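Chain by chain, the residues run as shown.
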Amino acid sequence: MADWLDVWSILGKEQGLEIDMLEPVRLTVGGVKDPQKLSELIPVMWVSSGLMDLGELEIHKQFFLGNLFKDPLTFYPSDYLSNKGLQNTLGYLAQIVRDGKKGGAESLAKQVLALFTAASMHEYGSGWRREFRCESSEAERKIEDWLDKNCPFKFRWHLRSTTLGPDTAFLEYQDFKEVLGAESPATTRDFCKIIIAGHRRVLDRYQLVIPTFQQDLPADLETDLLNWWDELQKCEEEDAAARQAERDEQEARDRRFREHLEKKRRALLSPEKRNAEFPPLSWTNTTNERLQELLLEAPMTELAVRFSVSEAAIRKRVKNAGLSIPKRGHWLKKD
């Protein structure tokens, strides 16, 4: 009787899935402050195939932007993951990677297949279609015999949503519909094809990655990364300057509006109230020191009224005395 690996290999080729596709990809990520600590935290991770296809340069960009370990780009072992099954699956993958380094690539791929297969069997018998187990007992025996020989440890998942891959299970109800167009596998071959289809659905969207972290940037990427970083900083500075200019312009508009309202308010005041709020000043008896203080307290238009002189006369005296005129709106800010 052919074992599960033989069955999986034959049917997998028919569906475009080879055993070497289960071998995790090796990826070096440079520019890490504490590579040893990060390597211990993240021995293996799921990475979206779309990001992997973009190449190492784009992966490093996402790393420096802080996006490399965020959904939906990657998934890694963490106590903060809300899904208990994802934690467990990644924990088993991490153990496989640590233990499988001694056995070589082929051994590692087989153990990953063992994990996927055990996960599929768990979901298959989770209660939503338990009668399938009776209808496909020969296939089940083949799988369980192979798992007994090839699993490096016993898989024990939590009872709910425990065998999930990155964002999906290794075997779902939709696989029965998509592969068979029916809800029940008629033969052992059908049952095996369904499990393989579930594996492929996950592997088409994500790749298993074994990262190697280091402090130095990869030499072939260093120049491009530094140029990209400089350009990114330049763009951020330009954006910040544009936002500040917009804020300044809005403040100026608000200031002009307040000045306009204040001017209208003063025009409505009676002479008595105007003199009470803005008492007349003596142009000849006001010292330059006092004039400088007044310039910081009220706008030029108001001082001209209170001194009963023109703004030009005030400006001339300011210039001759070496006094300074605050920027427009200074007195409103002071208030």
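Residues numbered from 1 in each chain as written. Predicted model: local features only at pLDDT ≥ 70, side-chain atom pairs only at ≥ 80, totals over all residues. Heavy atoms only, no water.

1. Looking at the overall build of the protein
Logical step 1: Secondary structure assignment for the protein yields 16 helices and 4 strands.
Logical step 2: The buried share of the protein, taken over its 335 residues, is 41%.
Logical step 3: Considering only contacts within the protein whose residues lie at least 6 apart along the sequence, 76% involve residues at least 24 apart.
Logical step 4: Accessible area of the protein: about 19,200 Å², with a carbon and sulfur share of 50%. (Helix = DSSP H or I, 4+ residues; strand = E, 2+ residues; numbered from the N terminus. Buried < 20%, exposed > 50% of the residue type's maximum accessible area, 1.4 Å probe, protein only. Contact = heavy atoms within 4.5 Å. Areas by Shrake-Rupley, 256 points an atom, 1.4 Å probe, with all protein chains shown as cover.)

2. Focus: the packing of helix H4 (residues 56-64) against helix H11 (residues 219-268)
Logical step 1: Interhelical geometry of H4 versus H11 gives an angle of 45 degrees and a closest axis separation of 11 Å. The orientation of H4 relative to H11 falls into the category oblique. For the element pair H4 and H11, the recorded crossing hand is right-handed. Contact with H4, carried on its side by Glu-56, Leu-57, His-60, Lys-61 and Phe-64, involves Leu-221, Asp-224, Leu-225, Trp-228 and Trp-229 of H11 and no other residues of that element.
Logical step 2: Of the residues assigned to the contact of H4 with H11, the class counts are 6 nonpolar, 1 polar and 3 charged. (Axes fitted to C-alpha atoms, helices over the stretch in contact; angles between N-to-C directions. Parallel < 35°, antiparallel > 145°, perpendicular 65-115°, else oblique. Left-handed = near helix turned anticlockwise from the far one by under 90°. Nonpolar A, V, L, I, M, F, W, Y, C, P; charged D, E, K, R; others polar.)

3. Some thoughts on the environment of Lys-37
Logical step 1: If you trace the backbone, Lys-37 turns up in helix H2 (residues 35-41).
Logical step 2: What makes Lys-37 exposed here is its relative accessible area of 58%.
Logical step 3: Once the C-alpha coordinates of Lys-37 and Phe-213 are considered, the two residues, 176 residues apart in sequence, prove to be 9.2 Å apart.

4. So, the nonpolar core
One broad rule of soluble globular proteins: the nonpolar side chains tend to lie buried together.
Logical step 1: Trp-4, Leu-22, Trp-46, Leu-93 and Phe-116 are the most contacted members of the largest nonpolar core, which totals 41 residues.
Logical step 2: Listed by contribution, the elements that provide at least two residues to this core are helix H1 (4-14), helix H5 (84-100), helix H6 (104-124), helix H8 (137-150), helix H10 (188-205) and strand E4 (206-213).
Logical step 3: With 10 residues, the single largest contributor to this core is H6.
Logical step 4: Not counting chain neighbours up to four residues away, the residues in contact with Phe-116 comprise Leu-22, Trp-46, Phe-170, His-199, Leu-203 and Leu-208. (Core = buried A, V, L, I, M, F, W, Y, C linked by side-chain atoms within 4.5 Å.)

5. What to know about unusual backbone geometry
Logical step 1: In this structure, Ser-308 is a non-glycine residue whose phi angle is positive, near 60 degrees.
Logical step 2: The class for Ser-308 is exposed, based on a relative accessible area of 66%.

6. Section: the packing of aromatic side chains
Logical step 1: Here the structure, examined in full by the defined rule, presents 6 aromatic pairs.
Logical step 2: Each member of the aromatic cluster is reached from another via a ring pair, and the members are Phe-63, Phe-64, Trp-228 and Trp-229. (Phe/Tyr/Trp six-rings, centres within 6.5 Å; stacked < 30°, edge-to-face > 60°.)

7. Quick notes on the confidence of the model for the protein
The predicted coordinates ought not to be read in detail in places where the model reports low pLDDT.
Logical step 1: Looking at the protein as a whole, the pLDDT averages 78, with 79% of positions reaching at least 70.
Logical step 2: Across the protein, helix H15 (residues 311-321) holds the top mean pLDDT of 90, while helix H7 (residues 131-135) sits lowest at 47.
Logical step 3: Here residues 157-161 is a poorly scored stretch, pLDDT under 50, and it has 14 contacts once near neighbours within four places are set aside; other chains count. (pLDDT = per-residue confidence, 0-100.)

8. Notes on the pattern of salt bridges
Logical step 1: If you walk through the whole model with that rule in mind, you get 8 salt bridges.
Logical step 2: Ionic pairing is found between Arg-200 and Asp-204, a salt bridge with its closest N-O pair at 3.1 Å. Placement of the pair is Arg-200 and Asp-204 together in helix H10, with a separation of 4 residues, close to one helical turn. (Salt bridge = Lys/Arg side-chain N within 4 Å of Asp/Glu carboxyl O.)

9. Topic: the side chain of Asp-190
Logical step 1: Along the chain, Asp-190 falls in helix H10.
Logical step 2: Within the buried set, Asp-190 has no salt-bridge partner at all; the shortest N-O distance to an opposite charge, 4.8 Å, is to Lys-193.
Logical step 3: With residues up to four places along the chain from it excluded, the contact list for Asp-190 reads Leu-180 and Pro-185. (Lys, Arg positive; Asp, Glu negative; His and termini not counted.)

10. Observations concerning the pairing of E4
Looking along a regular strand, one sees the side chains alternate between the two faces of the sheet.
Logical step 1: Counting buried residues along E4, 6 of its 8 residues qualify, which places the element largely inside the surrounding structure.
Logical step 2: Bridge analysis of strand E1 (residues 25-29) against E4 gives 5 bridges, and the strand direction is parallel. If you follow Arg-26 over to E4, its bridge partner there is Ile-210.
Logical step 3: By the bridge criterion, 4 bridges tie strand E2 (residues 45-48) to E4 in an arrangement that is antiparallel. Across the sheet, Ser-48 pairs through a bridge with Tyr-206, a residue of E4. (Pairing = 2+ DSSP bridges.)

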